[in-house]
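Report on the structure
Letter by letter, the chains look like this.
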2 protein chains.
Amino acid sequence: MNIVLLSGGSGKRLWPLSNDTRSKQFIKIFKTDDGSYESMVQRVYRQILSVDKSATITIATSKSQVSAIHNQLGTDVGISVEPCRRDTFPAIALAAAYLHDVQKIPADESVVVCPVDPYVEQDYFEALKRLGERAAVSDANLVLMGIEPTYPSAKYGYIIPKDNENVSRVSMFKEKPDAETAKTYIARGALWNGGVFAFRLGYVLKRAHELIAFRDYRDLYDKYDTLTKISFDYAVVEHETQIEVMRFGGMWKDMGTWNTLTEAMESPSIGKAILNDACSNVHVVNELDVPVLCMGLKDIVVSASPEGILVSDKTQSSYIKPFVDEIDQQIMFAEKSWGSFRVIDIEDGSMTIKVTLNAGHKMNYHSHERRDEVWTVIEGKGRTIIDGAEKAVTAGDVVTMKAGIPHTIIADSALQLIEVQIGKEISVGDKTKLSIPSRVR
Amino acid sequence: MNIVLLSGGSGKRLWPLSNDTRSKQFIKIFKTDDGSYESMVQRVYRQILSVDKSATITIATSKSQVSAIHNQLGTDVGISVEPCRRDTFPAIALAAAYLHDVQKIPADESVVVCPVDPYVEQDYFEALKRLGERAAVSDANLVLMGIEPTYPSAKYGYIIPKDNENVSRVSMFKEKPDAETAKTYIARGALWNGGVFAFRLGYVLKRAHELIAFRDYRDLYDKYDTLTKISFDYAVVEHETQIEVMRFGGMWKDMGTWNTLTEAMESPSIGKAILNDACSNVHVVNELDVPVLCMGLKDIVVSASPEGILVSDKTQSSYIKPFVDEIDQQIMFAEKSWGSFRVIDIEDGSMTIKVTLNAGHKMNYHSHERRDEVWTVIEGKGRTIIDGAEKAVTAGDVVTMKAGIPHTIIADSALQLIEVQIGKEISVGDKTKLSIPSRVR
């Protein structure tokens, strides 16, 4: 099976865990059999491989997620990197060109496209496999997955099939209705449109070439920022008459809000939390080192991260976005290609950060114009390159860098350091990337 | 007026703001006219002085609170320091000896004793003044304040007066009853015993000498740890037949629980907090730098501090103590005589602390056996003494101290530094206090 997972934008609906730089699909919230936690993207990746261990998995995503994907899935996974965000049609066209030109997938093979963040069981991926198999042999150009509705939701579009067979031609599509209208659709046999579909690779490449002038993957990648934002539904699905829908009756939840996310949690809390007996239907996700104590709460979600603290009635949590949009704050935690950082103190003339480097990784060689920096290594072994001079460092070593001095650190083992930045105008923009001088490379 | 304020133990009922080292009376939670916040002890101190600007105010407290008292009230306030905790009779005896021998208050002057943490208005302190005036002239040895009950509380002891006059002889005392019994007491004209009373200084000194063999204040102080723990009620009040009670009908609340504390808050939140319109009767006290977002909550208190996060139904919050007792955690924030510290990161082999020194103050000269330390000054000017050598430091300067090396820092202006401790067995006990060598003193 060739599968393209669409890994969407940052999203603030799961604040304080998700924010401008941290997407919900990377939050480790699902307990695995060995007691550790995995993220949505890790869960889905694992589930696909357990259904088809030779699956070609490609994640279509923006540049900003590449580090997190490599950190969580390793480097075997294919990534179709969108240079900027241009909605789903350009993203799928680029991924198709990537599969054909880079991964060398033949044009007559089928490809399944699916969002990266459904909360589903194994049977869903078995259904994806059947979807791909059907697309390979069908005379329809597109085969959609139609999810059997469990309630008249106003959150999804609906697909009305021609008949009740497992695979049926599509009679019509309906935009997100109100709940009353949704009931009438369901009475007519309508299915949810979960944005999951399959096609032969050549079909989407042909449609892409009809709508965009490009030679190959590289050319499309280079002109990506000039493309018009348009969804795959508007650009392709609505104009296609040869469409089938395949029914899926298994468990399917999208993890868009705290309410649905907490439904998928196996235990009432992750992280340090104490809930007294008077609590009912309470979930806590605590990423901080200090405890959360909950007493006498009902139907509430509490989440604490370096970015802030949410305490919300579960139903109310779906209205979170405008409130989070108002919060204008320094990013306090981020995953990077080389590890992660966490801001641990902010003052007018200083900022203190804990930096974690994965073994074998390094920061970019860089300098700052308007701040001095002091590193104190607290764990691990590595080497610093300061103004061209390499030096071994270990826990307890201190490195000072005046403004303007180029510097980097290479982690020979997993390494942590405390970085104190001192200056009057500390900003993430004050960073000049440099090349390491050849004599130390 | 001579007044002794009893400043009690640590108390965990207002966790995460109060804990083993931080008492509720020092939490800045009450908004003043100029928009800043004051603590219970600051509020009470200000209120007493506005009723009687020449009042002699003495705080009877343990050693551990002296720094916080000086930080919050300055150094003019008298402090009777209890070398260890021995309940209220020894504490009041020691304070009486302190007033007589150190403050030179004549034995025939009256003294008012009152807890440091009632939430009251000006009229309460005017009543205290009248209580003291009455004690000076009365033929009773003790004059108690009797608070007119507003409901049949099971939390307080009751005083049953002989008559309904403003000042009356006491008929009997009743221990904390259940609510039903409290109703019958109130029907008989009973008043709450708020632990407020006045006496002529000589009376309590006489009782103290009868019960404890001591010469003077110094002697009592030196043998304080040998004294038996006993309350003033058991040791004195219950044996005294010459007792009056003076009625007080004004506002009186004790700030023992989050429920009563939040009733005294003027606005729904202190610190960074966002409450949506669907919140009702919600209070937030947030000491962290990141925001708390509350959505759709009712009758809930949220408090966040470096120690942890509490989310509690207001009524349930009175059951907090056993849960906090279970939390066995590093102290994350503390006020010291020289300023304060906050733990900002903990790892297996390191701990990172932000240290704030008040201008003109210094740490003790000390060394550690099992950890190295690195200081990065982030604000202010001062001098370090490292292994006997003095050196000026300012923001950006780095000082490294290997295990065993004696060190201190003197703040010439308000000064902040980041201290990284590195070692396998970091413990507050690993500290040897030393004398600064005479050549640098």
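The shown structure was predicted, so the numbers you read here are calculated from the model rather than taken from an experiment.

Quick notes on the interface of chain A and chain B
Counting from both sides, the interface comprises 52 residues of chain A and, opposite them, 52 residues of chain B. Both faces combined, the contact of chain A with chain B buries some 4,200 Å², and carbon together with sulfur accounts for 69% of it. Three residues stand out in chain A for area buried against chain B, namely L293, M295 and I309 of chain A, and they jointly supply 16% of the buried area on that side. The interface formed by chain A and chain B holds 4 salt bridges in total.

Observations regarding the pattern of salt bridges
All names here are of chain A. This structure, assessed with the given rule, holds 46 salt bridges over all chains. Here E244 ties to R134 by a salt bridge, and the two come within 2.6 Å at their closest N and O atoms. Residue E244 is found in strand β12 (residues 243-248), and its partner R134 is found in helix α4 (residues 122-137); the two are separated by 110 residues along the sequence. Among the residues examined, E244 registers a relative accessible area of 4% and is labelled buried. Exposure remark for R134: the relative accessible area of 27% places this residue in the partly exposed category.

Quick word on the sheet that holds strand β29 (residues 415-422) of chain A
Strand pairing in a sheet is mediated by backbone hydrogen bonds. Such pairs are either parallel or antiparallel. Residue and element names in this part refer to chain A. Read from one edge of the open sheet, 6 strands run β20-β21-β22-β29-β24-β27, paired in antiparallel fashion. Edge positions in the sheet fall to β20 (333-336) and β27 (398-401), since each of these pairs with one other strand and no more. The average angle at which neighbouring strand axes cross in this sheet is 20°, direction not considered. Across 4 bridges, the pairing between strand β24 (residues 372-379) and β27 is antiparallel.

What about the packing of aromatic side chains?
A full pass over the atoms with the stated rule returns 28 aromatic pairs over all chains. Between Y151 of chain A and W192 of chain A, the ring centres sit 5.5 Å apart and the planes meet at 80°, which makes this aromatic pair edge-to-face. Of this pair, Y151 of chain A sits in the loop between β8 (142-147) and β9 (157-161) while W192 of chain A sits in strand β11 (residues 191-200), and the two are 41 residues apart along the sequence. Taking relative accessible area as the criterion, Y151 of chain A reaches 39% and is therefore assigned partly exposed. Members of the aromatic cluster, each reached through a chain of ring pairs, are F89, F197, F199 and F232 of chain A. Just above the ring of F30 of chain B sits the side chain of R43 of chain B; from NZ or CZ to the centre is 5.7 Å.

Let's talk about the environment of I159 of chain A
All names here are of chain A. Locating I159 in the fold gives a position in strand β9. The buried category is assigned to I159, whose relative accessible area is 0%. On a C-alpha basis, the gap between I159 and S62 in space is 29 Å, while along the polypeptide they are 97 residues apart. Excluding its chain neighbours within four sequence positions, the residues that come into contact with I159 are L144, M145, G146, V170, M172, F173, A190, L191, W192, N193 and V245.

What counts as what
Residues numbered from 1 in each chain as written. Chains lettered and ligands numbered in written order. Predicted model: local features only at pLDDT ≥ 70, side-chain atom pairs only at ≥ 80, totals over all residues. Heavy atoms only, no water. Contact = heavy atoms within 4.5 Å. Buried area = accessible area lost by both parts, 1.4 Å probe. Salt bridge = Lys/Arg side-chain N within 4 Å of Asp/Glu carboxyl O. Helix = DSSP H or I, 4+ residues; strand = E, 2+ residues; numbered from the N terminus. Buried < 20%, exposed > 50% of the residue type's maximum accessible area, 1.4 Å probe, protein only. Pairing = 2+ DSSP bridges. Axes fitted to C-alpha atoms, helices over the stretch in contact; angles between N-to-C directions. Phe/Tyr/Trp six-rings, centres within 6.5 Å; stacked < 30°, edge-to-face > 60°. Lys NZ or Arg CZ within 6 Å of the ring centre and 35° of its normal.

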